[in-house]
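Spelled out, the chains give:
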Amino acid sequence: MQYIEFHEEKCIACDLCSGVCSLNKLGRVQPAGACIRVTRDPGEYFGGMRCSVCDMSHDRACIESCPEEALVWDEAAGVVRFVQPLCTECGVCLDACPNVHLDAVGARIMICDLCDGDPLCAKWCPEGALTWGGAS
Amino acid sequence: MTYGGYTGKFLTVDLDSGTCGSLPLGDDLAEKYLGGRGFVAKLLYDMLPRGIDPLGPQNVIVFATGPATGTMIPTASRIAIGVKSPLTGAISASYMGGHFGPELKYAGWDGIIITGVSDKPVTLVVDDGEARLIDAGHLWGKDTVETQRLLLKELGDDFRTGAIGPAGENCVLYGTFMHVQHAAGRGGPGAVFGSKKLKAVAVRGSGGVSVGMPTGEYIAACKELHDIIMEDPVRPAFRWAGTTGMLPVVNEAVGLPYRNHQDDKAPDVGPIHNDEIAKYVQRYEACSGCNVICGSVVEFERQGRKYRSERIEHESVWALGPNCGTVDLPAIMEANFVCDHLGLDTMSAGSAIAWAMEMTERGLLTREDTDGLDFSFGNADVLREAVLKISAREGFGDVLALGSRGAARKLGKGEEYAMQVKGLDMSAYGPRAFTGMGLSFATTARGADHNKAFTVAAEFLGVLGDYDRYSLEGKAHLVKTMQDSTAIIDSLIMCMFTVDLGISVDLYARCASLPTGMSITADDVYTIGERINTLERLFNIEEGFTRADDALPARFATEAAPSDPGAHTLDIAAVLDEYYAERQWDAAGKPRPELLTRLGIA
């Protein structure tokens, strides 16, 4: 199973990952609406970085939680797909898994789909803090 | 607003009534002034009555992003904070990196215009389209870092924050506004916040910024720009050394001011070499959208006091170090830390202390004048104590809180040892060694700022030309064109470091065109930059500034740096007419009517 791996010690908080992700997926730069979120641990001054992006695990809790089949497992690609017309915006999936995100502007659920095999976040990370093992 | 890259509106905040509103941004303003510094110039010129007290209720604070801010254009994280400067009385825009500017954009605002004065301490909270003022009584008196920590706890850690410290509250004339440890500092915007009782600003943006071209094309174009920086041979120096890598090189070239600019070379900068600073680094830090990565977090201690902070920058290590005759790195870093926490500009603080040191050396100040503090050059112990006193405006600190020139005027002596232009203290490049910097210091609207035409790139680093750094030949033209192109960098807003990292004027034009969808050429860059510089000049002239204010401290024309074997001096008056002619200003330094017509200012 392939997913974006995060190497905390290399992250420099540039937000290029969430920037390019949102640009690619939403057509606008909107880090808060991206499939990947990088935030700082607020417990310490200049604390460590945390990354939240689908790791294709959690027993697919998002899919299980959805009452409407708006989230489905794409076996061939090995990723979760969001089917917006079926979404009722109930928000249950957001509670089911911390790696499920919301684009508040378009009321869209955002889950990493590895950019169809060429994840932009890993490509744009200037420090190699995000890596991807290659084709699944 | 028909262009991409902008949100199309400014948030307006009236502290008198406590109300917030919205001001649409017109195409005309975007086309003529682009953003950032250009917006600050236009808005302050139009809004401020002439001759106001910068610390009075009529001053206006303008936060302005640019069209590139938060759009994936490399390094476009910065935000400008404009005020009529309390330190200089001139127009002033200060900049800070980090994540605050993009967040404001994502909240739906190109900027904020703040008017009036609050009767009690307040924090401005901008939560997407909603803005409100909340009580900040419990934060008043707290330092910048503690204030921001408490705000995040109160509001949620997905906010981006900025705050003034006690120095700003006490209207120290070079008080800063700090976002984390990024300072909008020079010229003292923090003092204006203090005078308005505006303690902090917190922003959260869940929205986005659209750009003026198809997504796929835009991503590819931005990647090209990022790759240019990534592959530039100079980048590893920034990535590893931060900004301090230049320091030993400039010192070796006899261009690093030492002991309040009496000399241009410190005997030994080994102890403050970037190799030494690097030993304290814990992790690297970048601003939003940046792959230069000049920042890092350090941990150090001094006399049993432990610190965790952002790594010290070039100008700060110089101002509080060699300029004060010391290379005691922990003491310098400690003073820098205290400045950041209390909210003072490290450069003006260092310059004020260095002035007191030269005054002491010359017997013009005694320990009786300085509350018993020993302002001898090289006394590193006095740095922290002086900064604490300045911030609290206690005793002699109240004198130094006015800046080097203000202190001299208050005491009625020693103005010739105040190393400043228009009241803004000079930077870490000796004008005698880099005459272009000298001309830029003398003529820049906000005063002696090294970042308004960084001619060292062309005079010394060989990046933008090959000029004789001691000669004035060609410098009038060089300074004029660099001031104009820099105004665009400050308006997009990108980071000045991109100048050294392969981003040419053609590419700045591209960085302006890509997000906006405008067709901006290199010629347009110069024209918009010229318009901004000219409007800033008009502002100053209407405030009473004259040709006489375009002058360097007298020492540079008469005394050579003792360490300089060539014994160079610099008389900037010799080139002023040529510079004015380049700018189409008359002999008094006033923009000619035909210039104003050409630029569409009249």
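Residues numbered from 1 in each chain as written. Chains lettered and ligands numbered in written order. Predicted model: local features only at pLDDT ≥ 70, side-chain atom pairs only at ≥ 80, totals over all residues.

### Let's talk about the overall build of chain A
- Along chain A, the regular secondary structure elements total four helices and nine strands.
- Ordering the α and β elements of chain A from the N terminus gives β-α-β-β-β-α-β-β-α-β-β-α-β.
- Its C-alpha atoms give chain A principal-axis dimensions of roughly 40 × 35 × 30 Å.
- Evaluated residue by residue, chain A yields a buried proportion of 42% over its 136 residues.
- By sequence separation, contacts in chain A at least 24 residues apart represent 57% of the contacts at least 6 residues apart. (Helix = DSSP H or I, 4+ residues; strand = E, 2+ residues; numbered from the N terminus. Buried ≥ 20, exposed ≤ 12 C-beta atoms within 10 Å, placed from the backbone. Contact = placed C-beta atoms within 7 Å.)

### Focus on the overall build of chain B
- For chain B, the helix and strand inventory stands at 24 helices and 18 strands.
- The C-alpha radius of gyration of chain B comes to 22 Å, within 12% of the 25 Å expected for a compact globule of 602 residues.
- Taken along the three principal axes of its C-alpha coordinates, chain B extends 65 × 55 × 45 Å.
- Taking all 602 residues of chain B together, the buried fraction comes to 62%. (Rg over C-alpha atoms; globule rule 2.2 N^0.38 Å.)

### Some points on the sheet that holds strand β1 (residues 9–14) of chain B
Residues and elements named next belong to chain B.
- The strand order β2-β1-β6-β3-β4-β5 describes an open sheet built from six strands, whose pairing is mixed. Both outer strands of the open sheet, β2 (19–24) and β5 (91–96), are each paired with one neighbouring strand and no more. Between one strand axis and the next, the sheet turns by 20° as a mean value, whatever way the strands run.
- In this structure, β1 lies alongside β2, joined through six bridges in antiparallel fashion. Along β2, the bridge assignment pairs Lys9 with Pro24.
- Helix α2 (residues 36–47) contacts β3 (61–64), β4 (79–84), β5 and β6 (111–115) of the sheet and is inclined by roughly 150° relative to β3. (Pairing = 2+ DSSP bridges. Axes fitted to C-alpha atoms, helices over the stretch in contact; angles between N-to-C directions.)

### Some points on the sheet that holds strand β15 (residues 295–302) of chain B
All names here are of chain B.
- Pairing is antiparallel across the open sheet formed by three strands, whose spatial order is β14-β15-β16. Two strands close off the open sheet at either side, each with one partner strand: β14 (281–285) and β16 (305–310). Between one strand axis and the next, the sheet turns by 15° as a mean value, whatever way the strands run.
- Taken strand by strand, helix α12 (residues 329–342) contacts β15 and β16, and its axis lies near 115° from that of β15.

### Digging into the packing of α2 of chain B against helix α21 (residues 522–542) of chain B
Residues and elements named next belong to chain B.
- Across the interface, α2 lies against α21 with an axial gap of 9 Å and an inter-helix angle of 35°. Viewed along their axes, α2 and α21 form a crossing whose handedness is left-handed. Residues Arg37, Gly38, Ala41, Lys42, Leu44 and Tyr45 of α2 pack against Ile528, Ile532, Leu535, Glu536, Leu538 and Phe539 of α21. (Left-handed = near helix turned anticlockwise from the far one by under 90°.)

### Side note on the interface of chain A and chain B
- Facing 23 residues of chain A, the contacting portion of chain B comprises 27 residues.
- At the level of secondary structure, the elements contributing two or more residues to the side of chain A that touches chain B comprise α1 (16–26) and β2 (28–29) of chain A.
- Top element by residues in the side of chain A that touches chain B is α1 of chain A. It accounts for seven residues.
- Here the residues of the side of chain A that touches chain B sort into 15 nonpolar, six polar and two charged.
- Where β2 of chain A lies against strand β13 (residues 209–210) of chain B, two bridges are found, and the strand directions are antiparallel. Within β13 of chain B, the residue paired with Arg28 of chain A across the bridge is Ser210 of chain B. (Nonpolar A, V, L, I, M, F, W, Y, C, P; charged D, E, K, R; others polar.)

### Remarks on the environment of Gly395 of chain B
Residues and elements named next belong to chain B.
- Inspection of the secondary structure assignment puts Gly395 in the loop between α14 (381–392) and α15 (396–400).
- Judged by local crowding, Gly395 falls into the partly exposed class, with 14 C-beta atoms found within 10 Å.
- Once the C-alpha coordinates of Gly395 and Thr370 are considered, the two residues, 25 residues apart in sequence, prove to be 7.6 Å apart.
- For Gly395, the residues in contact, after removing those within four places along its chain, are Asp371 and Lys389.

### Remarks on helix α23 (residues 573–583) of chain B
Residue and element names in this part refer to chain B.
- Restricting attention to buried positions, one finds in α23 the residues Val575, Leu576, Tyr579, Tyr580 and Arg583. Buried residues of α23, seen end-on, are gathered within an arc of 150° and therefore sit on one face of the element.
- Contacts from the buried residues of α23 go to α17 (435–443) and α19 (475–492).
- Just past α23, the residue Gln584 takes up positive phi, approximately 60°. (Arc of directions from axis to C-beta.)

### Here's the deal with the packing of α19 of chain B against helix α20 (residues 505–516) of chain B
Residue and element names in this part refer to chain B.
- Packing of α19 against α20 brings their axes to within 11 Å, and their N-to-C directions diverge by 30°. Between α19 and α20, the interaxial angle falls into the category roughly parallel. Note on packing geometry: the crossing formed by α19 with α20 is left-handed. Together, Ser485, Ile488, Ile489 and Leu492 of α19 and Val505, Tyr508, Cys511 and Ala512 of α20 make up the contact between the two elements. (Parallel < 35°, antiparallel > 145°, perpendicular 65-115°, else oblique.)

### So, the domain arrangement of chain B
All names here are of chain B.
- When cut into domains, chain B gives domain 1 (9–204), domain 2 (236–424) and domain 3 (429–501 + 521–599).
- Its C-alpha centre places domain 1 at a distance of 27 Å from the equivalent point of domain 3.
- Listed as interface residues are 36 residues of domain 1 and, on the opposing side, 24 residues of domain 3.
- Mapped by element, the contributors of at least two residues to the side of domain 1 that touches domain 3 are α1 (27–33), α2, β4 and β5.
- The dominant element in the side of domain 1 that touches domain 3, judged by the number of residues it contributes, is α2, at seven residues.
- The residue inventory of the side of domain 1 that touches domain 3, partitioned by class, reads 16 nonpolar, 14 polar and six charged. (Domains from an automatic or database assignment.)

### Some points on the pairing of strand β7 (residues 122–127) of chain B
Residue and element names in this part refer to chain B.
- Taking burial as the measure, the six residues of β7 include five buried ones, the bulk of the element.
- By the bridge criterion, six bridges tie β7 to strand β12 (residues 198–204) in an arrangement that is parallel. Among the inter-strand pairings, Val122 is bridged to a residue of β12, identified as Leu198.
- Note that β7 and strand β8 (residues 130–135) share six bridges and pair antiparallel. Counterpart to Val126 in the pairing with β8 is Ala131.

### Quick notes on the environment of Phe539 of chain B
- Structurally, the position occupied by Phe539 of chain B is in helix α21.
- The contact partners of Phe539 of chain B, leaving out residues within four places of it in the chain, are Leu44, Tyr45 and Ile91 of chain B.

### Let's talk about the environment of Val192 of chain B
Residue and element names in this part refer to chain B.
- Mapped onto the elements of the fold, Val192 is located in helix α6 (residues 189–195).
- Since 29 C-beta atoms lie within 10 Å of it, Val192 is described here as buried.
- C-alpha separation for the pair Val192 and Ser85, spaced 107 residues apart in sequence, amounts to 8.1 Å.

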